Amino acid sequence: MVRVITQETYDDVVKENIEEFDMSPEEAVKEAVAQFEAQAECNKDIAHRVRAGKEGAYNTLIDLLEIKLKAYKQEHNAHNQNIVVKILSSLRALMEMQPDVLDERGVNIIKSVLEGIEDESILLSTLQWTSVCCVKHEMNRQMLFNKNITDNLKKLLERKENKRILSELLQVIRRFTLDDDIRVEFGKAHEHARDLGVNLLEILTKLLKENTQPPIVSELMLTMSTLLVRHELCAQAYEDVLYTILADNYDNVVVVLQASKLITALAGNDDVKRQLVKSGIVPIIVSLLKRHSNNATAASLILKCISALSLRETEHGKLFLENGVAEIIVECLTVHEDNASVQKNGCWAIRNMVARHKEHNPKFHELGIEAVLNKSYAKYAKDFGFDIKSALRDLDCDVKFDEQWTGKGVQINK
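Residues numbered from 1 in each chain as written. Predicted model: local features only at pLDDT ≥ 70, side-chain atom pairs only at ≥ 80, totals over all residues. Heavy atoms only, no water.

Draft legend 1. A look at the pattern of salt bridges. Applying the stated criterion to the full structure yields 24 salt bridges. For Asp63, the salt bridge goes to Arg105, with nearest N and O atoms at 2.8 Å. Residue Asp63 is found in helix H4 (residues 57-74), and its partner Arg105 is found in helix H6 (residues 104-116); the two are separated by 42 residues along the sequence. Judged by relative accessible area, Arg105 falls into the partly exposed class, the value being 28%. With a shortest N-O distance of 3.4 Å, Arg230 and Glu232 are connected by a salt bridge. What makes Glu232 partly exposed here is its relative accessible area of 43%. (Salt bridge = Lys/Arg side-chain N within 4 Å of Asp/Glu carboxyl O. Helix = DSSP H or I, 4+ residues; strand = E, 2+ residues; numbered from the N terminus. Buried < 20%, exposed > 50% of the residue type's maximum accessible area, 1.4 Å probe, protein only.)

So, in structure tokens, the structure goes:
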């Protein structure tokens, strides 16, 4: 049986601890919290959490948190800090996969902690709770965002010495840009990303220069790529440190994945795209594709990066082909014939490189690209057959497009 933490249960346990075991009120509260950690059992599964939520566990924990936060602000000691952290951890456990219970009181507590408490353990637990509140719940994200939480996140980013806090901060930032609540037709993921980008990209770029090693470098690049939703933001985020990061982490596939995402996002700005190529990114990208060609996820993201860098830029496509990318693309498409993302991004990369530069078509044909793409079409025609046929067309292969609409030959009366 699950013992649910209701207000009555809490009061009874505290009273029992005082009367039966001769504890002080503080000791009684501490013991009650310890008992509830052992008996409510929110970490077991979603069924336990839902039951606890229905029985009023959230309100009880919020009531207790308000009391203990007040006590902590009056007296900054380890005892009060420890209880606050435990309550925050209980709230996080309770709300895992059921963020609906968050209310205005909870939002105000999050805001007040981020704004007025310096203790790193309490801040870390609050950020973890905030992160849980933002998953699959658009209204929670908007409630928190409307409290001008961006200013608090910016201030906390300056506490760069604590990598755990920095990591949690970056996750909270990314979760504000999610669009994962199926109950809401139109969310504000784009608006959140734009506002966060305007306010945070400068400091995130500075942090990227100071943290070029994993795991933080990967999280920083992922966060930055998430926020690059506007043309002007791409220009603001471009830094030469990318080349250092790729050189230092050449064999680290996790870093390469996030760097590919960031470069693809930056390439959304044509001026930045040209600057990337001018600074020598092409041979680095080709080398990375060759190094990580056996990893389907890496191959897919690097091919998408090549596609973005080559889009509407004839000279960029020419540079990629002169650096030997054709052989590696064909190899990736052959090795990962069962991976839809590799096949689709490979087709896009080929199209963007050869559409205005046909001189390299014979090289692709020597490598057997037509047979590779026809095999891909046989498997993925319903998913992205048009993209495959478009690549075949731009490679001057024999291809027939289906007519999407055909007239009936009916006379139209004027």
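Draft legend 2. Fine view of the environment of Lys209. Within the secondary structure, Lys209 sits in helix H11 (residues 189-210). Not counting chain neighbours up to four residues away, the residues in contact with Lys209 comprise Glu239 and Val241. (Contact = heavy atoms within 4.5 Å.)

Draft legend 3. How the structure looks around the packing of aromatic side chains. For the structure shown, the criterion picks out two aromatic pairs. Aromatic side chains Phe145 and Phe176 sit 5.6 Å apart centroid to centroid with 65 degrees between the ring planes, which places their arrangement in the edge-to-face category. Here the residue Phe145 occupies a position in helix H8 (residues 138-145), and Phe176 occupies one in the loop between helix H10 (163-175) and H11, the gap between them amounting to 31 residues. Looking at Phe145, the relative accessible area reads 11%, which means it is buried. Taking the centre distance of 5.2 Å and the plane angle of 15 degrees together, the rings of Tyr380 and Phe384 count as stacked. Here Tyr380 pairs with Phe384, and both are found in helix H23 (residues 369-394), just four residues apart, close to one helical turn. (Phe/Tyr/Trp six-rings, centres within 6.5 Å; stacked < 30°, edge-to-face > 60°.)

Function cannot be read off these values alone, since they describe shape.
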